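# Chain and residue survey
Listed below are the residues making up each chain.
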Protein chains: 2
Amino acid sequence: MGLRLALGIDIGGTNTQFGLVEPGGSVWKRGKISTGEDPFDSFFQRLQAALDPIFEAYGPQIEGIGVGAPNAQPYRGEVLRTANLHWGEAIPVRDRFQQRFRKPVFLQNDANAAAWGEHLFGQGRAFKDFILLTLGTGLGSGIIQEGRLLLGQGGLAGELGHWIVEPEGRSCGCGRKGCLERYVSATGMVETARLWMETRSPSRWLSDRGPALTALDITKGAERGDALCLEIFDYTARILGRAMANMVACLAPEAIILFGGLAEAGAWLFSPLESYFKQDLLYLYEGKVQILSSQLPSGEAAILGAASLVWHSPLQPKEGDRG
Amino acid sequence: MGLRLALGIDIGGTNTQFGLVEPGGSVWKRGKISTGEDPFDSFFQRLQAALDPIFEAYGPQIEGIGVGAPNAQPYRGEVLRTANLHWGEAIPVRDRFQQRFRKPVFLQNDANAAAWGEHLFGQGRAFKDFILLTLGTGLGSGIIQEGRLLLGQGGLAGELGHWIVEPEGRSCGCGRKGCLERYVSATGMVETARLWMETRSPSRWLSDRGPALTALDITKGAERGDALCLEIFDYTARILGRAMANMVACLAPEAIILFGGLAEAGAWLFSPLESYFKQDLLYLYEGKVQILSSQLPSGEAAILGAASLVWHSPLQPKEGDRG
């Protein structure tokens, strides 16, 4: 049997990554462009330019295209308005790809695609019930239940980053206040740092980072023993630990797998997180839920998951447009 | 074909209700005993005494027994320690029923059984994805996803009454603080009333209820225009509305169906609830989620759902003990 390939595309708030995937899970020809703040048409032109060489070389072997994007409606094939993209109300992404590349196109929410990739090729292989949290610009989530992707009405399940956790808290791009991702994400941690630096006495080292401060800086600070940076991790873990205990009381997963930049901060996050999670967990679940860090290379879960939509039906709607 | 019957038993925090169910959903020979605070053996003796006449009359036609109980582990057939029963750590309820009555016995979490009954015979027939909230002594929940009961690890999914919603809030029987059911349940509303009556000026009418104050009194007060009672409904609705918005951001259901005593308070609860829910709902779900009141007679959903376990496999574990 000849070479079989699917193109996986992960459209994130900052970058759009892509790669050719074989059914066994190896990823070829990875590339990325910045997602940018331009309208969809201009973004799509830039993406085409990056993909054209791949289609020229492997066109006949590419069996389909899987696309993960924030606020994607898998049944309708549209991407709805999102806080992190500047495309407008409802963009018919599936049709646009299909018209341009003449291949079957499968669209899915980005974190759902990542959860699906994690389930097929990552730590999620060991579980029938798990939650994937992607900690990046925002907090995305995908839920696997009984080995299937939990989709909900219109494929819109799993927006855990928009759980209201602080009712009168920080303003969110969604128009409400106190969403989980305003605290627990790279952006959220930087916001915590900025707010605290106004009212407390940060170290010289931290002050020197200036307006370009990143979440990675906060990790570096923690490594240096910087007190405020350590406290930022503790605060972030406290909010995430409680939210995770609530996720468990809803879904009773076997594991929660963390993915993305923040997950790579390792023990600085995981150590306080495990302690707060344990403290807040309902006794029914004691000792039954693992907290893991994804071992898939950065960005690869979403590309794998998106590409796998082409071959693996569980992610696909089994009926018409339910949204 | 002859008469086919299943016995459905709903073990609640206060009462245990039972009835014979036909496959079409009609319920016969309903009865109840108080659940009481006695140990399991003594409770089971009292229940046997109530059930024996039913078995004498219909024994051969009864094809099985379905039991709904708090903290039931459907795979193991055990009821774990719960805040509202005084039975101990892990009671092998399935085996005890099976030994005594010599029929197949199916055990399920009480609110899961109610959700399943609602799905087969109630408003839930119209939906593939919905959440049932039972508002009684506590707050129970059952989740239907793609027409199946969402079970999670060990069948322990759907403990939404133990979402921590007020981190430093009221003490809960589970050993933690600020659980949703400490605020949103008959017990929770009475607790709100008591706390507020200490620090505010309740009406003469409300004060006259004394220590025997019930949630029904609060409804009666609201009907009389009692300001504090109206405010208690508003406060309860505010907490529930936000929690429901978070449930939607997890599960994207088509509907949330309320069931039990509090749901029967009607507009006093539903009117502020719809307003807070709308206010807290993520824009993605705007106008897409119905809030409904169960139309099944009080207690009947759980009996129907429990009995239906005998005939309808979707609720059954498809494999060995996963818990």
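Below is a summary of the structure that appears in this document. (Residues numbered from 1 in each chain as written. Chains lettered and ligands numbered in written order. Predicted model: local features only at pLDDT ≥ 70, side-chain atom pairs only at ≥ 80, totals over all residues. Heavy atoms only, no water.)

### Focus: the environment of W28 of chain B
Residue and element names in this part refer to chain B.
- Looking at where W28 falls in the secondary structure, it is placed in strand β3 (residues 27-34).
- Expressed as a C-alpha distance, the spacing of W28 and P92, which sit 64 residues apart in the sequence, is 27 Å.
- Discounting chain neighbours no more than four positions away, the residues touching W28 are L3, L5, G19, L20, E22 and Y58. (Helix = DSSP H or I, 4+ residues; strand = E, 2+ residues; numbered from the N terminus. Contact = heavy atoms within 4.5 Å.)

### Re the sheet that holds strand β1 (residues 5-11) of chain A
Residues and elements named next belong to chain A.
- With mixed pairing, the five strands of this open sheet are ordered in space as β3-β2-β1-β4-β8. Each having just a single partner strand, β3 (27-34) and β8 (105-109) make up the two edges of the open sheet. Adjacent strand axes in the sheet meet at a mean angle of 15° when their direction is disregarded.
- Where strand β2 (residues 15-21) meets β3, six bridges bridge the pair, whose relative direction is antiparallel. Directly across from F18, in β3, lies its bridge partner G31. (Pairing = 2+ DSSP bridges. Axes fitted to C-alpha atoms, helices over the stretch in contact; angles between N-to-C directions.)

### Observations regarding the pairing of strand β4 (residues 62-69) of chain A
Residues and elements named next belong to chain A.
- Across the eight residues of β4, seven count as buried, placing the element largely inside the fold.
- In terms of strand pairing, β1 meets β4 through five bridges, oriented parallel. Across the sheet, G8 pairs through a bridge with G66, a residue of β4.
- When β4 meets β8, the two strands line up parallel, connected through five bridges. From the neighbouring strand, G66 faces β8, where its bridge partner is F106. (Buried < 20%, exposed > 50% of the residue type's maximum accessible area, 1.4 Å probe, protein only.)

### Regarding the interface of chain B and chain A
- Taken together, the contact pairs 48 residues of chain B with 48 residues of chain A.
- Summing both sides of the interface, chain B and chain A together bury roughly 4100 Å²; the carbon and sulfur share of this comes to 52%.
- Put simply, chain B and chain A have two salt bridges between them.
- Put simply, chain B and chain A have 22 residue pairs in polar contact (both at pLDDT 80 or more) between them.
- Elements with a minimum of two residues in the side of chain B that touches chain A: β10 (139-145), α7 (227-251) and α8 (267-280) of chain B.
- Per-element accounting of the side of chain B that touches chain A gives the leading share, five residues, to α7 of chain B.
- Per-class residue counts for the side of chain B that touches chain A are 24 nonpolar, 11 polar and 13 charged. (Buried area = accessible area lost by both parts, 1.4 Å probe. Salt bridge = Lys/Arg side-chain N within 4 Å of Asp/Glu carboxyl O. Polar contact = N/O pair within 3.5 Å; in protein donor to acceptor, adjacent residues only side chain to side chain. Nonpolar A, V, L, I, M, F, W, Y, C, P; charged D, E, K, R; others polar.)

### Looking at the pattern of salt bridges
Residue and element names in this part refer to chain A.
- For the structure shown, the criterion picks out 24 salt bridges over all chains.
- Here D52 and R100 are joined by a salt bridge, their closest N and O atoms 2.9 Å apart. Of this pair, D52 sits in helix α1 (residues 40-58) while R100 sits in helix α2 (residues 93-101), and the two are 48 residues apart along the sequence.
- By relative accessible area, which is 23% here, D52 ends up partly exposed.
- On the basis of relative accessibility, which here comes to 34%, the residue R100 falls in the partly exposed class.
- In this structure, R204 and D208 form a salt bridge, with 3.9 Å as the shortest nitrogen-oxygen distance. In this pair, R204 and D208 are both assigned in helix α5 (residues 204-209), four residues apart and thus about one turn of the helix distant.

### Focus on the packing of aromatic side chains
Residues and elements named next belong to chain B.
- Going through the model one piece at a time under the given rule, you end up with 23 aromatic pairs over all chains.
- Both rings, one in W28 and one in Y58, keep their centres 5.7 Å apart while their planes meet at 70°; by these two values the pair is edge-to-face. Of this pair, W28 sits in strand β3 while Y58 sits in helix α1 (residues 40-58), and the two are 30 residues apart along the sequence.
- When its relative accessible area of 26% is taken as the criterion, W28 is described as partly exposed. (Phe/Tyr/Trp six-rings, centres within 6.5 Å; stacked < 30°, edge-to-face > 60°.)

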